[in-house]
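An overview of the molecular structure
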Amino acid sequence: MAEPESLRCSSVRNRGGVQRVEGKLRASVEKGEYYEAHQMYRTLFFRYMSQGKHAEARELMYNGAVLFFSYNQQNSAADLSMLVLEVLEKSDTKVVDEILESLAKLFSLMDQNSPERVAFVSRALKWSTGGSGKLGHPKLHQLLAVILWKEQNYSESRYHFLHSSDAEGCAQMLVEYSSSRSYRSEVDMFVAQAVLQFLCLKNKTSASVVFSTYTEKHPSIEKGPPFVQPLLNFIWFLLLAVDGGKLTVFTVLCEQYQPSLKRDPMYNEYLDRIGQLFFGVPPKQSPSYGGLLGNLLNSLMGSGEEEDGVEEAQEDSSPIELD
């Protein structure tokens, strides 16, 4: 019994020590001694890391970053945010919601146009899947998507929603996006793109949810099915065909709706991939995806073909520019 009691006392002492150090650092920041405080944070970081005090190092760097952000010291705050990631990368810290939420908080406080923000989110996503090469933990993608949605950065928000498990949130964001940024004649194209992309990721459930939620909530779409817009009817039939898995149905459907599918050159590229994934269509012998289209498809789908959930894709986490 004595040993656990000793460990508890040691933990309490360590926590008290961290709080005393934080108090001194906070006082320095409040006095405007930003450089000195920043250097002290870094010194303590390396000291804690050398002593194996990973939790203490992470907590100190996180609180320091938030403090610097509150004083608009973006460079110092971003540096400490990177050190939070360094702790995670070098320790055996488990991926839990609390840590993902703290990373999302740091992301939300960073200057939206800073290169550090891009580097931070790339490393955070990589860590969240154990450096496996997947595009990141679905929960972290969802948190990032909501932050970017609030910033009205709809294109990047859509990218992260695609790799999350929040299809309903994705649909609501797309309703706002299309209502604020598009012509009335294009409301069907926003959801068509999302459904096709989800299907390219073999995520049938999210494809169905984003379609039903979007068409129910969009003020410019009359209740259906059937719908006034032919493209929405195509998507509705496509989702039914995917469940059935009959190639003849898929083929006829694509032929009948070619006028609608020609509205965006990417649609048929996506449908080629969907045909392979759900209807047994063999891949084309010669590379058919070149240049910009190939880059877009590769960034969306990656090379993995796992069966469930949000699928493995390339390590590059840059948003898909499909507008």
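Shown above is the structure to which this text applies.
Quick caveat, the model's predicted, so the values are computed rather than measured. Starting afresh in each chain, residues are numbered from 1 along the sequence in its written order. Whole-chain, interface and lining totals are the exception, using all residues; otherwise, since this is a predicted model, local features are given only for residues with pLDDT of at least 70 and side-chain atom pairs are given and counted only at 80 or more. Neither water nor hydrogens contribute to the side-chain values; these are computed over all heavy atoms in the structure.

**Regarding the packing of aromatic side chains**
- Between 30 and 60 degrees the pair is tilted, below 30 it is stacked and above 60 it is edge-to-face, where a pair is any two Phe, Tyr or Trp rings, Trp via its six-membered ring, whose centres lie within 6.5 Å. Under the defined criterion, the tally for this structure stands at eleven aromatic pairs.
- Centroid distance Tyr41 to Phe68: 5.8 Å. Interplanar angle 65°. Geometry classified as edge-to-face. Of the two residues, Tyr41 is situated in helix α2 (residues 34–50) and Phe68 in helix α3 (residues 54–70); the sequence distance between them amounts to 27 residues.
- Under the relative-accessibility criterion, Tyr41 is labelled buried at 2%.
- Between Tyr154 and Tyr177, the aromatic rings sit 4.7 Å apart at their centres with planes inclined by 15°, giving stacked as the arrangement. With a gap of 23 residues between them, Tyr154 in helix α8 (residues 154–162) and Tyr177 in helix α9 (residues 167–181) connect regions that are remote in the sequence. Comparing Tyr154 with Tyr177, the two get one shared label, buried. Numbering of helices and strands runs from the N terminus; a helix is a DSSP stretch of H or I covering at least four residues, while a strand is a stretch of E covering at least two. Note on exposure labels: buried denotes an accessible area under 20% of the residue type's maximum, exposed denotes more than 50%, and partly exposed covers the range between, all computed with a 1.4 Å probe on protein chains only.

**Some thoughts on the environment of Leu144**
- Its place among the elements puts Leu144 in helix α7 (residues 138–150).
- Leu144 gets classed as buried once you look at its relative accessible area, which sits at 2%.
- Sequence spacing of Leu144 and His160 is 16 residues, and the spatial spacing of their C-alpha atoms is 6.6 Å.
- Throughout, a residue-residue contact means that at least one pair of heavy atoms, one from each residue, lies within 4.5 Å. Those residues within four positions of Leu144 in sequence are excluded, and the remaining contacts are Phe107, Val121, Leu125 and His160.

**Considering the packing of helix α10 (residues 187–200) against helix α12 (residues 230–244)**
- Axis lines are fitted to C-alpha atoms, over the contacting stretch for helices. Their N-to-C directions set the angle, which ranges from 0 to 180 degrees. Axis separation between α10 and α12 bottoms out at 9 Å; the angle between their running directions is 20°. As the angle between them shows, α10 and α12 are arranged roughly parallel. In this structure, α10 crosses over α12, and the sense of that crossing is left-handed. Together, Asp188, Met189, Val191, Ala192, Val195, Leu196 and Leu199 of α10 and Leu231, Leu232, Ile235, Leu238, Leu239 and Val242 of α12 make up the contact between the two elements.
- Residues are grouped as follows: nonpolar covers Ala, Val, Leu, Ile, Met, Phe, Trp, Tyr, Cys and Pro; charged covers Asp, Glu, Lys and Arg; every other residue, Gly included, is treated as polar. For the contact of α10 with α12, the per-class residue count stands at twelve nonpolar, no polar and one charged. In what follows, roughly perpendicular refers to angles from 65 to 115 degrees, roughly parallel to angles under 35, roughly antiparallel to angles over 145, and oblique to any angle outside these ranges. In this scheme the crossing of two helices becomes right-handed for a clockwise turn of the near helix relative to the far one and left-handed for an anticlockwise turn of less than a right angle.

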